[in-house]
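# Fold and geometry: a report
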Amino acid sequence: MTFTQLMFLLGSLAVVGPIVAHLLAKPRYRRIPFTMLRFLQAGQKESKSRRRFRDLLVLLLRCLIIVLIAMLFARPRLFVTRNIERSEHSYYLGLDNSLSMAYADSRGSYFDKMISLATDYINAADADGVFNICALGTGTWKKDLSRELAIYHIRSLKLSAKAADINEFLSALKAEELEKAGAVQTSVFVCSDFTPHAMEQFFTADSIVAGAVDIKTVVSPEPINNAAITAVNIGGSAGRITADVTVANYAQDAQVRQLAVTTPDKQLHSVEAKLEANQQKTVTVPLEIDGLASENEYLPLTFELSGDDGLGADDRFCLTISTPEQKSVNLLIADSGAGETFLPYVAIQQLSKMDSAGRLSVRQVNYDDLRNSDFDWANVMICSAINEKLGRLSTDIKDFVQAGGKVILFANEGLSERAVQNLWADGVLAAMPNKFLEGRQYLRAQSDDDPDVTAFDPRSLKSLHNYRVNSILFKAVFECQQHPESACLWRFRDGLGFLYCKRAGSGTAVFVNTSAADSLGSLTKSGASLAFFGYLISRGLQIQQTSFAPDQRILLPASEMERESADKRLWVEACDGSKVPAALSDSYLVLTDAAGVGWVRTLGKPIRYAGVNPEPGETDMRKPDPERIAALGERVFTVAAEQKAAGVQSLEEKEHKPLWRAFAWLLIGLLVFEPAVANRMKR
Amino acid sequence: MKQSRKYLDPVLLSKLANMNLVAKCAVEGFFSGLHPSPFHGFSVEYSDHRDYHPGDELKFLDWKMFGRSDRLYIKQFQQETNLTAYVLLDSSKSMSFSGGGQVSKLSYGSFLAAALSYLMLKQNDSTSLILFNEKITERLPPKSRRTHLNAILTTLEKNKASGRTNLTDVLHTVAETTNRRGLVILISDLLDDEADIHEGLAHLKYLNHDVLIFHTLDRMEMELEYEGLVQFEDMESSSAIRAFPQSMRDSYRQQVAEFVDDVEKTAGRSGIEYCLLNTSEPLDKALITYLAKRRRMP
């Protein structure tokens, strides 16, 4: 037996009262002169022992009443493990509760239809079967359920903002298949709207053996008229900002929708979007936000399609933008501990002292000591060498760059091949160093042919040129293979690349083809090291945009007051309007579940926003081809006719029964019984 | 209760000014309420008649009585009724118990003794009064003059309960100090060793006395109708018992009943008349018992 509210058990200590009263009580006797005492003596012993018994019994009853009252408030529950006989028939239900299932026509939503189908399936199933339910939108399982519990859980399912994760369901099925190895009859039920994203996962899955397979497609018999904003890319620079809004029309008919761009305070622009059937179109919207951008470090923009098309969650796209002048630089210098970043660190420290606006902050960390909080804090990262340790951090660096960070990697003799491969595979190595070249190289003067990537501030480049950097010799240079998506911004005189730059997500990956330890001394001697690093870490004039997918960690910049707060959990408003706690991690508030799509915003002022948008393609509501679905069912599931007939399996089922009623009746009985005992035994 | 019986009510008697009134009220009240049998023909002016038996001398027939009642009675001369009665009244401390009522056992016993003395002296029987506790405290020799009644009543008025009970020694003393056989009337609560009491009584019977016991008990002594926690303190000793009367009432009553029963059986075996008196009840029961006894005596 357990208790839900354990604190109330402390009330049992009140039994001390009756016990103390019992011990201290002195009975008062009336003195009466009498004559026939000899007839009293025989009954006296009996009376005394009976009285003692009565007193003890009454005391016990009163103590028991007090304890029962305390236990009643503590809400007792009894865990009952009962052996139930179940047939060896396991049912696996994959129920799609992803965002696309929120689509609704005149008959109701896909989600409600799915609940109904799943409930019918369970009701028609073997009453003694064991049911396992996977919510495809969240990837969560509920296993070994009875029929009643399975129906209860199905009806408790909620829509998720995430895309369906079919792989999780199929992987678990595969694992169950291997474990049971045909000893148990299995039946699989999948219910989904089978968006292209979901179907794609089926086609890449391994084959699974099952006794019976039932695939139900939830699709509206009415024409689909859903359109969605799938992507927004902010282009231009300060003073000339545009938004390329990609709108997909999944409807079978053309439609005209109004596309509006708003900030929390006002509407910026509205443009008409004419969409052909099954067409994806990019609409360019000019944004007059100069004044607003200069006031707000992170300006929230909402792009929204007008009208009701059955699914409103994908008609809106939320992102924040920041202009270069407003963005502060949190620079993280990561090294292996051998001191190779000494010169960069000195140079950057000097730069930070010169930064009167106080926008440059520097932190130096060993690779081994790097934490998520460091990545959360920084927006520019300098890595002194490509070694094994850096290779292990490749995924973190990729996430960092994707979220809008800038990583600057220096080459070094003896770099790690594996690390290079990892960084290259994750798309954060702008050029792959191949052959190490002995000797020294001079930089070529910048020409008009060199690409203007606008990843760097051109003013800082001009400043660097004042130092005649093309007369500086650089050592430890590699022959490099340029990444197809990167640009070489600067070359050596013999044509080898010196500075490569690549866009990745919202951020930038920079590769400097020289050793930080060997070459920067020359820069320092020439006095150009400050200008060089000022150029490297500078923010381009490019507008930074930030938005998140539902399965990503949401980052909100923390205000100064929040950063100084002793409380490491601060409340924010999630997408569904609920107040949820966010963890304070250096200069960001981190939230793991945005509770939907839309805006996450801080409660404290100034209000900061983070936009959460559906996965691209998740709400592709084009009706799936039934033949294709049938084909994927046949491809993925193999029906094994030789699965043995359902036997009987003895299982343990645990349930907890609330006991408060029994305690309440017992208490009532004692409260009635106690005075009766006390009075009856007085006679 | 009949109007006349109220004069037998001990509570009423206790309100009377003196024992003379008590005796007179009790006796007159008793006789005025009587129906003819079994004491047919008796009156306050008791004339010593008895029923006619074949063989009696016809010259002693009371023809006036015959004319009145159509029944034959023989006149008895004073000398024939010269009975000596010894009234033994227990005056130990236990007799002062009243149980919360208005009349103590001693008062009740005194009323009875007074009434009996009144009755006997009217009848010209010699009456002796003996008061005792552990020993005889007061003794009036037997006399038949009606003026002796005053002495008896005065003695009864002045009597106070004191001392412990020692019935056995007193009975032996009475047995040894009486010259003439007579009627020994014992008014007591008999709170002494039963075997010793029986021994004493047997001594009296051995000397051919007629013995009549009036076992006087209070209602509370018999019923133990006390509530709550009580410390019972013995009236003659310093012992005390703490008890919860409700829980022991039944066993107590049973023991008292057994005690009374034992005494009655013991008395019966010895040919001793026994009468249990409840001090809350009128005196007529006691008087009837006496008269019935008296009647059976030669």
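This section reports on the structure supplied with the text. Since we're looking at a predicted model, the values are computed, not measured. (Residues numbered from 1 in each chain as written. Chains lettered and ligands numbered in written order. Predicted model: local features only at pLDDT ≥ 70, side-chain atom pairs only at ≥ 80, totals over all residues. Heavy atoms only, no water.)

### Some thoughts on the pairing of strand β26 (residues 497-504) of chain A
All names here are of chain A.
- For β26, the buried fraction is high: seven of the eight residues fall into the buried class.
- Inspection of the sheet shows strand β25 (residues 486-491) paired to β26 by five bridges, in the antiparallel sense. From the neighbouring strand, C488 faces β26, where its bridge partner is Y500.
- Linking β25 to β26, which pair antiparallel, is a turn of five residues; within it G495 sits at a positive phi near 95°.
- In textbook terms, the turn of a hairpin is the stretch between consecutive antiparallel strands, and for β26 and strand β27 (residues 507-515) this stretch comprises two residues, one of which, G505, has a positive phi near 65°. (Buried < 20%, exposed > 50% of the residue type's maximum accessible area, 1.4 Å probe, protein only. Helix = DSSP H or I, 4+ residues; strand = E, 2+ residues; numbered from the N terminus. Pairing = 2+ DSSP bridges.)

### So, the sheet that holds strand β9 (residues 240-243) of chain B
- Strands sit in the order β2(A)-β8(B)-β9(B) across an open sheet of three strands; the sheet is mixed. A single partner strand is all that each edge strand has here, and the edge strands are β2 (30-34) of chain A together with β9 of chain B. Put simply, the sheet's adjacent strands are angled 25° from each other on average, direction ignored. (Axes fitted to C-alpha atoms, helices over the stretch in contact; angles between N-to-C directions.)

### What to know about the environment of V247(A)
All names here are of chain A.
- Here V247 shows up in strand β13 (residues 240-249).
- By relative accessible area, which is 0% here, V247 ends up buried.
- In this structure, the C-alpha to C-alpha distance between V247 and A231, residues 16 residues apart in sequence, is 7.4 Å.
- In contact with V247, other than residues within four places in its own chain, are A228, I229, L275, Q279, Q280, K281 and L305. (Contact = heavy atoms within 4.5 Å.)

### Remarks on helix α9 (residues 245-269) of chain B
Residues and elements named next belong to chain B.
- For α9, which comprises 25 residues, the first-to-last C-alpha distance of 34 Å matches the rise-based estimate of 36 Å (1.5 Å per residue) to within 8%.
- When α9 is considered as a whole, its buried residues turn out to be P245, Q246, S247, M248, R249, Y252, V256, F259, V260, V263, T266 and A267.
- Taken from the residues just after α9, G271 is the one with a positive phi, measuring 75°. (Expected span 1.5 Å × (residues − 1).)

### Some words on the environment of L603(A)
Residues and elements named next belong to chain A.
- Turning to its location among the elements, L603 is positioned in the loop between β33 (598-602) and β34 (609-612).
- Given the relative accessible area of 40%, L603 is considered partly exposed.
- The sequence separation of L603 and K579 amounts to 24 residues, and the corresponding C-alpha distance is 8.7 Å.
- Beyond its immediate sequence surroundings of up to four residues, L603 is in contact with W571, V572, E573 and K579.

### Some remarks on the pattern of salt bridges
All names here are of chain B.
- Inspection of the entire model under this criterion finds 21 salt bridges over all chains.
- With a shortest N-O distance of 3.1 Å, K265 and D261 are connected by a salt bridge. Here the residue K265 and the residue D261 both occupy positions in helix α9, the gap between them amounting to four residues, near one helical turn.
- The exposure class of K265 is partly exposed, given its relative accessible area of 47%.
- Looking at D261, the relative accessible area reads 31%, which means it is partly exposed.
- Salt bridges sharing common partners tie together R219, E223, E225 and R253. (Salt bridge = Lys/Arg side-chain N within 4 Å of Asp/Glu carboxyl O.)

### Overview of the packing of aromatic side chains
- Tallied over the entire structure, the rule returns 23 aromatic pairs over all chains.
- Through successive ring pairs, a cluster of aromatic residues spans F34(A), F39(A), F97(B), Y226(B), F232(B), Y252(B) and F259(B).
- When the ring centre of F259(B) is taken as reference, the NZ or CZ atom of R38(A) above it lies at 4.9 Å.
- Above the face of the W141(A) ring, K143(A) is positioned so that its terminal group lies 5.0 Å from the ring centre. (Phe/Tyr/Trp six-rings, centres within 6.5 Å; stacked < 30°, edge-to-face > 60°. Lys NZ or Arg CZ within 6 Å of the ring centre and 35° of its normal.)

### Describing the sheet that holds β33(A)
Residue and element names in this part refer to chain A.
- Taking strand neighbours across the sheet as the criterion, the six strands line up as β29-β32-β31-β30-β33-β34 in an open arrangement whose pairing is antiparallel. Since the sheet does not close on itself, it has two edges, and those belong to β29 (554-557) and β34, each with one partner. Averaged over neighbouring strand pairs, the angle between their axes works out to 35° when direction is ignored.
- In terms of strand pairing, strand β30 (residues 569-573) meets strand β31 (residues 579-585) through five bridges, oriented antiparallel. Within β31, the position partnered with R569 by the bridge is A583.

### Examining the layout of surface pockets
All names here are of chain A.
- Counted as a void, the largest pocket has a volume near 1100 Å³.
- Lining the largest pocket are 43 residues, and of these Q402, A403, G404, S506 and S547 lie nearest its centre.
- Secondary-structure elements contributing two or more residues to the lining of the largest pocket are β12 (227-237), β18 (316-322), α9 (372-377), α11 (394-402), β28 (544-546), β29 and β34.
- Broken down by element, the lining of the largest pocket gets its largest block of residues, five residues, from β12. (1 Å grid on protein atoms, 1.4 Å probe; cavity = no way out; pocket = protein on both sides within 12 Å on 5 of 7 lines; lining within 4 Å. Points joined across faces, edges and corners; volume = space filled by probe spheres on them.)

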